[in-house]
Amino acid sequence: MSMTPEEVRAFYDAHRTVRQYVTNDDGTPIPLPADHLDALLHAAQRAPTDATAQLYSLVRITRPDLRARLVDLTTNAHIATASEAFIVCADVHRVTRVLDVTAHQPGHWPAIAVHFGIGDAVMAGTNLLTAAEMLGYQGCWIGGVMNGLDGIITDLNLPAGVLPFAALTIGRSAENTPYRPRVPRPLVIHTDAYHAATDDEIRTAVEVMNPIASRGGLPGDWARLMNAYFGEGGSMTKREPVLRAALERQGLAVERMDG
Ligand SMILES: Cc1cc2nc3c(=O)[nH]c(=O)nc-3n(C[C@H](O)[C@H](O)[C@H](O)COP(=O)(O)O)c2cc1C
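How each quantity is defined
Residues numbered from 1 in each chain as written. Predicted model: local features only at pLDDT ≥ 70, side-chain atom pairs only at ≥ 80, totals over all residues. Heavy atoms only, no water. Patch = residues over 30% accessible without salt bridge, like charges linked within 9 Å, V, L, I, M, F, W, Y side chains within 5 Å. Areas by Shrake-Rupley, 256 points an atom, 1.4 Å probe, with all protein chains shown as cover. Salt bridge = Lys/Arg side-chain N within 4 Å of Asp/Glu carboxyl O. Helix = DSSP H or I, 4+ residues; strand = E, 2+ residues; numbered from the N terminus. Near = heavy atom within 4 Å. Polar contact = N/O pair within 3.5 Å; in protein donor to acceptor, adjacent residues only side chain to side chain. Nonpolar A, V, L, I, M, F, W, Y, C, P; charged D, E, K, R; others polar. Buried < 20%, exposed > 50% of the residue type's maximum accessible area, 1.4 Å probe, protein only.

Draft legend 1. How the structure looks around a nonpolar patch on the surface. A surface patch of nonpolar side chains, about 300 Å² in accessible area, is lined by M3, V8 and Y12. Secondary-structure assignment places Y12 in helix α1 (residues 5-13).

Draft legend 2. View of the site of the ligand. Near the ligand lie 13 residues; those nearest to it are H15, T17, R19, G143 and R180. In this structure, N76 approaches the ligand through a side-chain N or O atom, which is 2.9 Å from a nitrogen atom. One of the backbone N or O atoms of W141 is found 3.2 Å from a nitrogen atom in the ligand. Protein contacts shield 68% of the accessible area of the ligand, which totals 630 Å² for the unbound molecule. Here the shell around the ligand gets 3 residues from one element, more than from any other, and that element is strand β3 (residues 138-142). Its residues assigned to classes, the shell around the ligand comprises 4 nonpolar, 5 polar and 4 charged.

Draft legend 3. Just the environment of T126, in detail. Residue position: T126 is located in helix α5 (residues 110-134). A relative accessible area of 36% places T126 in the partly exposed class. Between the alpha carbons of T126 and W141 there is a distance of 9.4 Å; along the sequence they are 15 residues apart.

Draft legend 4. Spatial organisation of unusual backbone geometry. Positive phi, close to 55 degrees, is recorded for Q54, a residue that is not glycine. Of note, Q54 is situated in the loop between α2 (34-45) and β1 (56-60). The class of Q54 is partly exposed, set by a relative accessible area of 33%. Look at A103: it is not a glycine, yet its phi comes out positive at around 65 degrees. Within the fold, A103 resides in the loop between α4 (93-101) and α5. By relative accessible area, which is 71% here, A103 ends up exposed.

Draft legend 5. Structural context of the pattern of salt bridges. Counted by the stated rule, this structure contains 7 salt bridges. Here R63 ties to D65 by a salt bridge, and the two come within 2.9 Å at their closest N and O atoms.

By themselves, these are just geometric observations and shouldn't be taken as functional.
This is how it looks when you write it as structure tokens:
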């Protein structure tokens, strides 16, 4: 099966992150037809995987009370209304069990676990979302899991070695979503060696990205948005101890090796 370059571009240009979904009249989620759901889960499991290990798990959230709880923990309301909601996790628990059950001794590799586990989780989740878009749905990744990692680990009964990466919601879009820009290609796609952006190139990238931060028709300020996330006192500095605690709790903390 192949597509033309124009068809590939058009398919990816149709991508929108969507946070409002078509629901039943009472606001409850409309389930996906069983064959659609099956296709999405198949796509997730067909993702390539380093070392053949499949170091990820998806927890499908169906119970309304659990959906409501995850809305609170992640501060993303669409978890309650989406047709499907998943917590996408890095998972090295299962491979450890494979070694245990087959009478092998698991090694100690927490940094590798995070590297491989997050990679595999992202690839499976991306396959799932792309398959959903092929079927005419849209979705939203939710890094907001970082706001409530401890509660999520407890409520989903995640064993040591399993770490939520993000949630992922899927459904039919009920919103008119703008096409969101990306930074200019030369700053992202490098040829043969890394090209460190000049100040002017960075300023141009900010200009290009400003519309993504626009709210209520007002001009956007992407650098201000980046500052709110990554600047001093921004949300990432608040998430840092939460993630470190979760890594510790799940047996994935990387200790210093130099003694
Ligand atoms: C890992 C990841 C985490 C994200 N977390 C959130 C989130 O917590 N809440 C949200 O509303 N959108 C979230 N998003 C969606 C991004 O805001 C969105 O992808 C970005 O604005 C680009 O828009 P587009 O996907 O429509 O092109 C996340 C996206 C990714 C890939």
